[in-house]
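A look at the structure
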Amino acid sequence: MLSSKLNDSIQYVKSVGPKRAKVFAQIGLSTIRDLIFYFPSRYLDRTTIIKSNKAFELTINGFDGELTIIGKVVSTDVRRFGKKEILSVSLRDADGFFSCVWFQGVKFFKTRFETNQIFAISGKPTISKYNELQFTHPDFDQITEDESQVFYNTGKIIPFYRISKELKSSNIGDLSLRKIILSALDNYQSGIEETLPDFIISKFNLLSLKETVQQKHFPESFENIKKADERLKFEELFYLEIIVASRKFNYKEKLEGISLPIKTKLISNFLKVLPFELTNSQKDVLHEIRVDMANPKPMNRLLQGDVGSGKTIVSLISMLIAVDNNYQAVLMAPTEILADQHAKNISALLEKLNNIVPERKVSIALLIGGQSKKERNHQLDLIATQQADIVIGTHALFEEEVQFKNLGLVVIDEQHRFGVVQRAMLMKKGVTPDVLVMSATPIPRTLSMTVYGDLDVSVINEMPKNRIPIKTYLRGESKLHDIYTFVKSELHKGNQTFIVYPLVEESDKLELKAATSYYDELKETYFNDIRVGLIHGRMKWREKEDIMIQFQKKEIDVLISTTVIEVGIDIPSANVMIINDAHRFGLSQLHQLRGRIGRGTEQSHCILVTKDEFVASTERYARNLDYLSSAQIEKFKSSVRLQAMVKYLDGFKIAEIDLKLRGPGDIFGIQQSGFPEFKYVDLTTDGEILIEAKKEAFRIIEQDPHLRNPKHEVIRKHLIDHYSNNLKYAKIA
Ligand code: ADP
Ligand code: MG
């Protein structure tokens, strides 16, 4: 069969052979199929190629579009203007001269041009003050003499491939690769097997896979390239969503869960002792949770809500519903400080509840590191005998020898990565409790449909009333004196301050400030007359707890800290957050840190402190994103992060920007999630295709969960052939 030939070694393609095959293998292309699916990274539109004199004429007459000129390098020249350097490359074609200039990345771009090399230069030209046609930071492709002839003489769109160093050293350039691929297609294209069922192809008006491959390599129009891309993206998202849907189905339909309806007045009594009224949004999500819990199918729900939106109380009420049914509930926090804080706050509320309902006392157990053996055994005993209704601890609760008598609900607080793996661990313990995951950071919709697609989602989209929006500022280090004065003035009003530093100890390599050394210094200088506390990750648990209690009781005014206070901590009287070396922090981390303030009745202030020159340069970088070296982009990213913080308070907005900056894999651990990585899809832009693909995939799995219908055979086969690693929790076939 022809199709099996696609799995043959690339060496059988004309002009490849065993030696070049080895070179291709170095960039991951071993089979003929690999080669056929090695698509161009960009295209050059031959229809916009014109001669330089024509381009000059158009431009001087006000033409304002992109065009391409092919020319030979005449000279390169770097000029200095004070500190700045400008690279200017002069080129000529048969009809005249034109030039290109670079203001950024001069060193890098200079090495790319040598005299007599031929380039296709694309961009929007202008007329310089020397009356010369000039491109600023244009796109460029080096081409051969032959190619420059081809360009003028054919009507094609020219594909450009990523040519690695290895390929280059084996004398494979764009032209030769194009020839190799053309010959591979001539001989093997007919063997490409369709990977989507016909009914989907016609329903969504997609190109066939054969046609897609053809149009990617040798497109007839830019429109066709787009159609080919759409087909590839759709397919990728469709299979992802098939996996998501079958995981969800597998969990929901197959497993026996517990029905946990509201039984007594426990919940309404609890609402009476709450010091505030729930927001409408909290009520809405509680309704969704209630319905889920009452259903005997296991709940598997993600609760999203911006920092400070009041997720804890929602989870506590959910836990009380489990308790109301005589089940236990567990709350897992990401840090011990947070587990301890939850235990304290929840105890206080439960005490009030127990006072008005003395006949049904709700009790809690706390399990964290650093407890004495005796204490720990006591807590374990409370859990095993169900003397504790609500169990609070860190994620260690999963792994340890913790035996629940009767577990009905698991709440995971502030955790991105609770996923199938952890759930499987719970189920191994022989229980299928309801699960409520609360996310620390709002998750963009595209991600909640993919990485979290097997969860149902509830969103709290409203803040408790009377919250005053936090003010955020970006300041240079030279302003620190003023900032400390400001801290003191807030302090005289009875408010407290967090000061955050990136690392615990001074490191020679990174010039970061260390919480400890600044603590020593500030205590002796600016803050010698006020009470300063220090907390960091290397302290023993008890020490951390002491400090937090002192801060809570206002025995400390200024708390100097590393990021250990990042998530969850709730101290409403703290209204100033100073983040030093703010450019070193990730965006969601900054947002989380800022979320520690703005919880009380006073105006809160978040001050991001960074290097002075950095404050000045953020805007400049923002304007030149396309031309930056990777080192500059790193710098630029921190500018975007800082500017996003100053501009936006909304966690969803922040999360969208974070997704753009970092990519989904990095943020939410797609790798760990057991989902495939994307080759064609960009979640930041392909949301619409995702929605279509998801709908179709879920429809199919609902009708035919095991894909036994012959209509779905193509899907089943492709899944097993290409996604077997991702099917562990999905149970197809
Ligand atoms: P997060 O969603 O970040 O976990 P928390 O649950 O810590 O937020 O809640 C933040 C603060 O808001 C807490 O002090 C909590 O008591 C308070 N809070 C929660 N819900 C309300 C409400 N409906 N009205 C007023 N304050 C509330
Ligand atoms: Mg919280």
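As shown above, the structure is provided for reference.
Before going into details, it helps to say that this report is about the structure given with it. Predicted model only: the values in this text are computed from it and were never measured.

Considering the environment of Glu66
In this structure, Glu66 sits in the loop between helix H4 (52-60) and strand E2 (67-81). Here the alpha-carbon distance between Glu66 and Gly123, two residues 57 residues apart in the chain, equals 4.8 Å. Ignoring any residue separated from it by four or fewer positions in sequence, one finds Glu66 in contact with Thr48, Gly123 and Lys124.

Describing the sheet that holds strand E8 (residues 139-143)
Strand order in the open sheet formed by seven strands is E6-E7-E4-E3-E2-E5-E8, with mixed pairing between adjacent strands. In this open sheet, the two edge strands, each paired with only one partner strand, are strand E6 (126-127) and E8. As paired elements, E6 and strand E7 (residues 133-136) share two bridges and run antiparallel to each other. Residue pairing in the sheet places Ile127 in a bridge with Leu133 of E7.

Some remarks on the sheet that holds strand E20 (residues 558-561)
Taken in spatial order, the six strands make up an open sheet running E17-E22-E21-E18-E20-E19, and their pairing is parallel. Bordering the open sheet on either side are strand E17 (471-476) and strand E19 (532-535), each of which pairs with just one other strand. Taking each pair of neighbouring strands and ignoring which way they run, the sheet shows an average axis angle of 20°. Sheet topology places E17 next to strand E22 (residues 605-610); six bridges connect them, and they run parallel. The residue bridging Leu474 from the neighbouring strand is Leu608, located in E22.

Comments concerning the pairing of E7
The sheet contact formed by strand E4 (residues 96-102) and E7 spans three bridges and is parallel. Considered in E7, the bridge of Val101 is made with Thr136. Taking the residues that link successive antiparallel strands as the turn, the E6-E7 hairpin has five residues, and the phi of Asn131 there is positive, at about 60°.

Observations regarding the site of ligand 1
Taken together, 17 residues are adjacent to ligand 1, and Glu277, Gly308, Thr312, Arg467 and Asp570 come closest. At 2.7 Å, a side-chain N or O of Thr312 approaches an oxygen atom of ligand 1. At 2.6 Å, a side-chain N or O of Asp570 approaches an oxygen atom of ligand 1. Protein coverage of the free-state accessible area of ligand 1, which is 570 Å², stands at 84%.

Some remarks on the packing of helix H23 (residues 587-594) against helix H26 (residues 651-662)
Axis separation between H23 and H26 bottoms out at 9 Å; the angle between their running directions is 155°. Comparing the axis directions of H23 and H26 gives the class roughly antiparallel. Facing H23, whose interface residues are Leu587, Ser588, His591 and Arg594, H26 presents Gly651, Ile654, Ile657, Asp658 and Arg662. In the contact of H23 with H26, the residues fall into three nonpolar, three polar and three charged.

Scoring rules and cut-offs
- Residues numbered from 1 in each chain as written.
- Chains lettered and ligands numbered in written order.
- Predicted model: local features only at pLDDT ≥ 70, side-chain atom pairs only at ≥ 80, totals over all residues.
- Heavy atoms only, no water.
- Helix = DSSP H or I, 4+ residues; strand = E, 2+ residues; numbered from the N terminus.
- Contact = heavy atoms within 4.5 Å.
- Pairing = 2+ DSSP bridges.
- Axes fitted to C-alpha atoms, helices over the stretch in contact; angles between N-to-C directions.
- Near = heavy atom within 4 Å.
- Polar contact = N/O pair within 3.5 Å; in protein donor to acceptor, adjacent residues only side chain to side chain.
- Areas by Shrake-Rupley, 256 points an atom, 1.4 Å probe, with all protein chains shown as cover.
- Parallel < 35°, antiparallel > 145°, perpendicular 65-115°, else oblique.
- Nonpolar A, V, L, I, M, F, W, Y, C, P; charged D, E, K, R; others polar.

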